[in-house]
Amino acid sequence: MHVFWFLLLTMAVVVAAVTLAVVGGGGSPVLQDVEPERLTDPLPANRPVGRADVEAMRLPMAVRGYRMTDVDEALGRLGAELAERDAHIAELESALAGAQATAVNGGPDLFKRPDEPRPGEDGRPGEEDER
């Protein structure tokens, strides 16, 4: 019989506590309204993204992990930057290969000053002629 009264009293206390929590126990709200946490794009817009920018990026948490749109936007931005860098690297490599091919085929020597004669033009043997 004592167990019955204990359980009844415990249930009454729990119901009263829940009622006070829902009603608010007065004029002030229990929880304040807060703006949802959003990504404030820490990636710089005025310069290329660096390693430190990626390491400093923190995505806001959602109920089940991260917000898909925030992650998609960040990954899209990083993917575009990497694609742009890859294109620029490919362009520079092809320009270098073209310059090297021109130099090997007897084209203008890009490392000589314009006022210096090419080897063999001044009557003296050049480095290649001495061998």
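Scroll up to find the structure.
Only a predicted model underlies this, so the values are computations on that prediction, with no experimental measurement involved. (Residues numbered from 1 in each chain as written. Predicted model: local features only at pLDDT ≥ 70, side-chain atom pairs only at ≥ 80, totals over all residues. Heavy atoms only, no water.)

Draft legend 1. Local environment of the overall build of the chain. On a plain count of helices and strands, the chain comes out with four helices and two strands. Taken from the N to the C terminus, the helices and strands of the chain come in the order α-α-β-β-α-α. In the chain, buried positions account for 11% of the 131 residues. If you take every contact in the chain between residues at least 6 apart in sequence, the share linking residues at least 24 apart comes to 40%. Surface exposure of the chain reaches about 11,600 Å², of which carbon and sulfur atoms provide 62%. (Helix = DSSP H or I, 4+ residues; strand = E, 2+ residues; numbered from the N terminus. Buried < 20%, exposed > 50% of the residue type's maximum accessible area, 1.4 Å probe, protein only. Contact = heavy atoms within 4.5 Å. Areas by Shrake-Rupley, 256 points an atom, 1.4 Å probe, with all protein chains shown as cover.)

Draft legend 2. Highlighting helix H3 (residues 68-104). Compared with the 54 Å implied by 1.5 Å per residue over 37 residues, the 53 Å span of H3 between its first and last C-alpha is a close match. Every buried residue of H3 is accounted for by Asp70, Ala74, Leu78 and Glu81. As for H3, its buried residues are in contact with helix H2 (51-56). (Expected span 1.5 Å × (residues − 1).)

Draft legend 3. Spatial organisation of helix H1 (residues 2-23). The end-to-end C-alpha distance of H1, which contains 22 residues, comes to 32 Å, matching closely the 32 Å that a straight helix rising 1.5 Å per residue would cover. The buried count for H1 comes to zero of 22 residues, which makes it a mostly uncovered element.

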